Amino acid sequence: QVQLVESGGGLVQAGGSLRLSCAASGLTFSSYTMGWFRQAPGKDRDFVASIIRSGAGAYYADSVKGRFAISRDNAKNTVTLQMNSLKPEDTAVYYCAADLLISASRWATIGGDECDYWGQGTQVTVSS
């Protein structure tokens, strides 16, 4: 069965950094576009970043451009989200996602329930 397992969340002060990781199993990892969404209490699950199958291109939400960087290692079946210059408004549960057919360039416009597979989420809390 397919599993996506996130790790690396925690509590950090504003201006600090965190690195989230997602380990995938049960799928042909290099065949899937990968990405991250986040959800704050009482809000919708929103797009954060996506990366193409080869790892050579990525897309970001306007709110995180210049601060976050997504990468993947197809040999290790992992995808990473490096988060720098964190702000209190970045506080949310962060979810790893995988999709076979939706290209990375379109992820900014899809809903938070459209990807094929989801991880369980990891909490990121940024204090002011």
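Above: the structure in question.
About the thresholds
Residues numbered from 1 in each chain as written. Predicted model: local features only at pLDDT ≥ 70, side-chain atom pairs only at ≥ 80, totals over all residues. Heavy atoms only, no water. Disulfide = S-S within 2.5 Å. Helix = DSSP H or I, 4+ residues; strand = E, 2+ residues; numbered from the N terminus. Core = buried A, V, L, I, M, F, W, Y, C linked by side-chain atoms within 4.5 Å. Buried < 20%, exposed > 50% of the residue type's maximum accessible area, 1.4 Å probe, protein only. Contact = heavy atoms within 4.5 Å. Salt bridge = Lys/Arg side-chain N within 4 Å of Asp/Glu carboxyl O.

Student: How should the state of the cysteines be read in this particular structure?
Tutor: A covalent bond bridging the sulfur atoms of two cysteines is what the word disulfide describes. On inspection of all chains with the given rule, the structure shows one disulfide. Shown here is the disulfide that connects C22 with C96, its sulfur atoms set 2.1 Å apart. Residues C22 and C96 are joined through a disulfide that is left-handed, its torsion about the S-S bond being -80°. Placement of the pair is C22 in strand β3 (residues 18-25) and C96 in strand β9 (residues 92-99), with a sequence separation of 74 residues.

Student: I tried to follow the nonpolar core on my own but got confused; where do I start?
Tutor: For soluble globular proteins, nonpolar side chains are generally found buried alongside one another. Ranked by size, the top nonpolar core spans 35 residues in total, and within it M34, W36, V79, L81, M83 and Y94 carry the most contacts. Listing elements by their share of this core, those giving two or more residues are β3, β4 (33-39), β5 (46-51), β7 (68-73), β8 (78-83), β9 and β11 (122-127). With five residues, the single largest contributor to this core is β9. Apart from the residues within four sequence positions on either side, L81 is in contact with L18, R19, L20, W36, V48, A49, F68, A69, I70 and Y94.

Student: What's the story with unusual backbone geometry in this structure? I'm lost.
Tutor: Of all residues except glycine, most have a negative phi; of all peptide bonds, most are trans. Phi is positive for N77, close to 55°, though the residue is something other than glycine. Its place among the elements puts N77 in the loop between β7 and β8. One non-glycine residue with positive phi stands out, namely S85, at about 50°. By the element assignment, S85 lies in the loop between β8 and β9.

Student: Explain the pattern of salt bridges to me, please; I cannot follow it from the model alone.
Tutor: Note on pairing: side chains with opposite charge can pair once their charged atoms come close. Under the definition given, this model contains three salt bridges. Two residues, R38 and D90, come together in a salt bridge whose shortest N-O distance is 2.9 Å. In this pair, R38 sits in strand β4 while D90 sits in the loop between β8 and β9, placing the two residues 52 residues apart along the sequence. We note a salt bridge from R67 to D90, for which the minimum N-O separation is 2.8 Å. Of this pair, R67 sits in the loop between β6 (58-60) and β7 while D90 sits in the loop between β8 and β9, placing them 23 residues apart in sequence. Note on D90: relative accessible area 1%, which makes it buried.

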